[in-house]
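Report on the structure
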Amino acid sequence: MAKGITRQRIVEAALEVLDEGGADAVTVRAVATRLDVKAPALYWHVAGKQELLDEMATEIQRRVQAAFEPEAATGPLSGLASYARAVRHEYLLHRDGARTFSGTRLTDPEVLRAQEPWLEAWTAGGATLAEVRTAAELVTAFVVGFVIEEQERAQSAAEDPSRYDVAERDAFVGEDSPLVRETGHLVTDPESRFETQLGVVMAGVEGLLGG
C-alpha cells in the first residue's frame, strides 16, 4: 500500500481530474498520476473506475446532506425542494457533474443511515414510505436531467458562442412559424428555469404526498 494514500485523497484527486478533463478523463491511471503513484497503489482502495466513481458520488452526497439537512426536518415538501437545490449546486461545481454521478452507488453506510431521521419525519405526516421514495426519485431524476442539459449547453456555448443565438434561430425557423420562433425568446436564465420547473415538479409531489 502506498504510504499516505487514503480513499479521501483518492476522491479529492479524482474530483480534480474530473474538473479539468470531464467525465471521460476520470480513470484510475489518471488519478494515480495526479497522486504521483503507480495505478496498482490505488487498487488497495478502489477495484476499478466504477468503484472510483461510486466513492466520488458518495462524497458529493455527504456534501448534499450537509447542505439540506437543516431543511429536512421541516417536512417532505420543503426538504425535497432544498435537497434538489443542494444536488444541483454540488453537481454544477464539477464539470460533467450530473453525468458523472448518476447511476452510482453509495459506498458509506453512514451516508445511507443519515436518511433515517428525515424518512421517519416525512412518513409521520401520513405519507407512506413508498410514496416518499417515489417523490425523492422523481425530484432526483428531474435534477439530474436538468443539470446534464444545463452543463452540456454551457459547454457547447463556450466552444461556439453563436450556437444558441436567438436571431440565428429565428432566421433558421422562418417567418411562417411565429409560435416556434417565439419559444426561442421565452428561454430564461438557468436559475429561473430551474426554479420554475422545480415548482411544477413539487406541485406533483405535493399531490402524491397528499399535501
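In the nomenclature of an unreviewed UniProt entry, the protein is known as TetR family transcriptional regulator of Brachybacterium endophyticum.

Turning to the side chain of glutamine 61, a few remarks are in order. Mapped onto the secondary structure, glutamine 61 falls in helix 3 (residues 49–72). We classify glutamine 61 as buried; its relative accessible area is 15%. Residues in contact with glutamine 61, not counting those within four places in the same chain, are Tyr83, Leu106 and Val111.

Turning our attention to the packing of helix 4 (residues 76–92) against helix 11 (residues 190–208). Interaxial distance between helix 4 and helix 11 falls to 11 Å at its minimum, and their mutual angle equals 145°. The crossing of helix 4 and helix 11 is right-handed. Residues Leu77, Leu80, Ala81, Ala84, Arg85 and Arg88 of helix 4 form the contact with helix 11, whose own contacting residues are Pro190, Glu191, Phe194, Glu195, Leu198, Met202, Val205 and Glu206.

In this section: the packing of aromatic side chains. Enumeration according to the criterion identifies seven aromatic pairs in this entry. For the pair phenylalanine 68 and tryptophan 118, a centre-to-centre distance of 5.8 Å together with 70° between the ring planes defines the contact as edge-to-face. With phenylalanine 68 in helix 3 and tryptophan 118 in helix 7 (residues 116–124), the pair connects residues that are 50 residues apart, well separated along the chain. Residue phenylalanine 68 is classed as buried on the basis of its relative accessible area, which comes to 1%.

So, on to a negative patch on the surface. Taken together, the side chains of Glu159, Asp160, Asp165 and Glu168 make up a negatively charged region of the molecular surface. Here aspartate 160 shows up in the loop between helix 8 (129–159) and helix 9 (166–173). Aspartate 160 gets classed as partly exposed once you look at its relative accessible area, which sits at 34%.

What counts as what
Residues numbered from 1 in each chain as written. Predicted model: local features only at pLDDT ≥ 70, side-chain atom pairs only at ≥ 80, totals over all residues. Heavy atoms only, no water. Helix = DSSP H or I, 4+ residues; strand = E, 2+ residues; numbered from the N terminus. Buried < 20%, exposed > 50% of the residue type's maximum accessible area, 1.4 Å probe, protein only. Contact = heavy atoms within 4.5 Å. Axes fitted to C-alpha atoms, helices over the stretch in contact; angles between N-to-C directions. Left-handed = near helix turned anticlockwise from the far one by under 90°. Phe/Tyr/Trp six-rings, centres within 6.5 Å; stacked < 30°, edge-to-face > 60°. Patch = residues over 30% accessible without salt bridge, like charges linked within 9 Å, V, L, I, M, F, W, Y side chains within 5 Å. Areas by Shrake-Rupley, 256 points an atom, 1.4 Å probe, with all protein chains shown as cover. Salt bridge = Lys/Arg side-chain N within 4 Å of Asp/Glu carboxyl O. Lys, Arg positive; Asp, Glu negative; His and termini not counted. Charge placed at Lys NZ, Arg CZ, Asp CG, Glu CD.

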